[in-house]
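# Inside the fold
What follows is the residue order along each chain.
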Amino acid sequence: MTSLSTTAPGVRQTDFRFRCIACGHLADHASQNFRCAQCGDLLEITYPHWKETADELKSKWRQRRVSQSAIDLSGVWRFRELLPALENYDQAITLREGNTPLYELPQCARITGIPRLLAKHQGMNPTGSFKDAGMTVAATFARRAGFRWVACASTGNTSASMAAYAARGVLRSLVLVPEGKISWSKLSQALDYGAVTCQLRTDFDGCLKLLQELVLRAPIYQLNSINPFRLEGQKTLALELLEQLDWQPPDHIIVPGGNLGNSSAIGKALLEMRDLGLISRLPKLSVIQAEGANALVRTLREAAGKNLISVHAETRASAIRIGNPASWKKAVHILEATRGACEQVSEIEIAQAKAEIGAEGIGCEPASAVTLAGLKKLVQQGFVKREESVVLVLTGNLLKDPDFTMEFHRGDLFKNTRDEAASAALNPLRRPPIVLNATLDAVIGALNEAEKSSPGPER
Ligand code: F0G
């Protein structure tokens, strides 16, 4: 089995080590399955010493915002002091990821009763999801370690991102996706970026299991979020967010939970920022899942976070249709460390929240909308208070799943499901396309009809 070494060409030896999250074993090398050689649990990357002070880091990162060099134009590598180091930053495979906007959500603020409500939109990344932040780092290290092939199992976004970064880095890529269970947009990205794309007759969990076996048999570098380099890149979402907030932490950050890599990465960043003195207190990081893919919710409620309760996952938010999340232990640790909550939301709540975010002129994919739906619940429960500030992490772009959006607006999303009757409550949010004769009268009639039926949002 090939070992991935911190001493691979171009990687400075002492910059980071792999640490097992269960037994704490430290190593300079990780095998291709990124599991601890002693106990088989997941690894994370640790840094023996950071040299700069918080003020030095903040000033360096600020200065880089006006730099035109390729590495500084990346919203990930701009924070490279907190990432595994390269000797030569020309080696980084970058598509200028990161640099994503932080939006106010005035209408959703009114709906939830939380005036200080913001959205960090990771769907504005080069391939339309948060995966790009992790992929730039992990793909770079795949190439540095000398691999020709990279691979992932995916519900769609990881594969789109991996295929793009592999193409940029002149690597070959293999995608394993569940047949018929990912959106066409995501699948088409992987095809266009040149991945060898296999649609397997199983679910995401089946694809990931097979990949784990494959990397032990073939010289293939796995780019799922089990790969700790991915999580290092994804950490920068939180660094960039805090920089955008002038290092004043929000009270809450809310993130969707699928395989639980992203929540783990954001949480790791928060703890590191606190240890470095970049922030003075920790935001509470909460994870929201779909009711039909609620492994973490059940693990916490029924097993007190001690052992994973897997589920057979089913949700129209296909990005998070995951029943056996790989990074569940990391996520439990982060929820405890930041005192965050874990909630689940129904299919109707997801569809409603997605339409409400869309009505802000921003839009996101269904999996991202669980954050707003979850916030409503956390407000009801009194966990989030009116005067507190909240940041929702929108993980994917609206254009990632047009079928969901079209079916919602046409009124077909819940047809022949047990939610069909209840979904009538969402009718005021629907804006189906109107087919008309090409006459002025017909269009004016449609305008008048729209004025009568809905007054539009408050201004
Ligand atoms: N939101 C979107 C849009 C996603 O694509 C994913 C995961 C998540 C949330 C959940 O993040 O897994 O880190 O907890 N998508 C993966 C994929 C699994 O293959 O694209 P997580």
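All of the points below concern the structure found in this document. (Residues numbered from 1 in each chain as written. Predicted model: local features only at pLDDT ≥ 70, side-chain atom pairs only at ≥ 80, totals over all residues. Heavy atoms only, no water.)

Moving on: the nonpolar core. Residues F18, W77, F141, V150, Y221 and F229 are the most contacted members of the largest nonpolar core, which totals 57 residues. Here the element with the most residues in this core is helix α4 (residues 131-144); it accounts for seven residues. Counting residues in hydrophobic clusters, the runner-up holds 37 residues, among them A54, L237, V287 and I334. (Core = buried A, V, L, I, M, F, W, Y, C linked by side-chain atoms within 4.5 Å. Buried < 20%, exposed > 50% of the residue type's maximum accessible area, 1.4 Å probe, protein only. Helix = DSSP H or I, 4+ residues; strand = E, 2+ residues; numbered from the N terminus.)

This paragraph deals with the packing of aromatic side chains. Following the criterion strictly, the structure yields eleven aromatic pairs and no others. Residues W77 and Y89 carry aromatic rings whose centres are separated by 5.9 Å and whose planes lie at 65 degrees to one another, so their mutual orientation is edge-to-face. Note that W77 is positioned in the loop between α2 (70-73) and β6 (102-104) and Y89 in the loop between α2 and β6, a separation of twelve residues in sequence. A relative accessible area of 0% means that W77 is categorised as buried. Aromatic side chains F141 and F229 sit 4.5 Å apart centroid to centroid with 10 degrees between the ring planes, which places their arrangement in the stacked category. Here F141, found in helix α4, pairs with F229, found in helix α8 (residues 228-244); they are 88 residues apart in sequence, far enough to count as distant. (Phe/Tyr/Trp six-rings, centres within 6.5 Å; stacked < 30°, edge-to-face > 60°.)

With that settled, the discussion passes to the pairing of strand β10 (residues 196-200). A regular strand places its side chains on the two faces of the sheet in alternate fashion. When strand β9 (residues 172-178) meets β10, the two strands line up parallel, connected through five bridges. The partner of L174 across the bridge, within β10, is V196. Each parallel crossover has a hand, and the one from β9 via helix α6 (residues 184-192) to β10 is right-handed. (Pairing = 2+ DSSP bridges. Right-handed = clockwise from strand over helix to strand, strands pointing away.)

The values are spatial; any link to function lies outside them.
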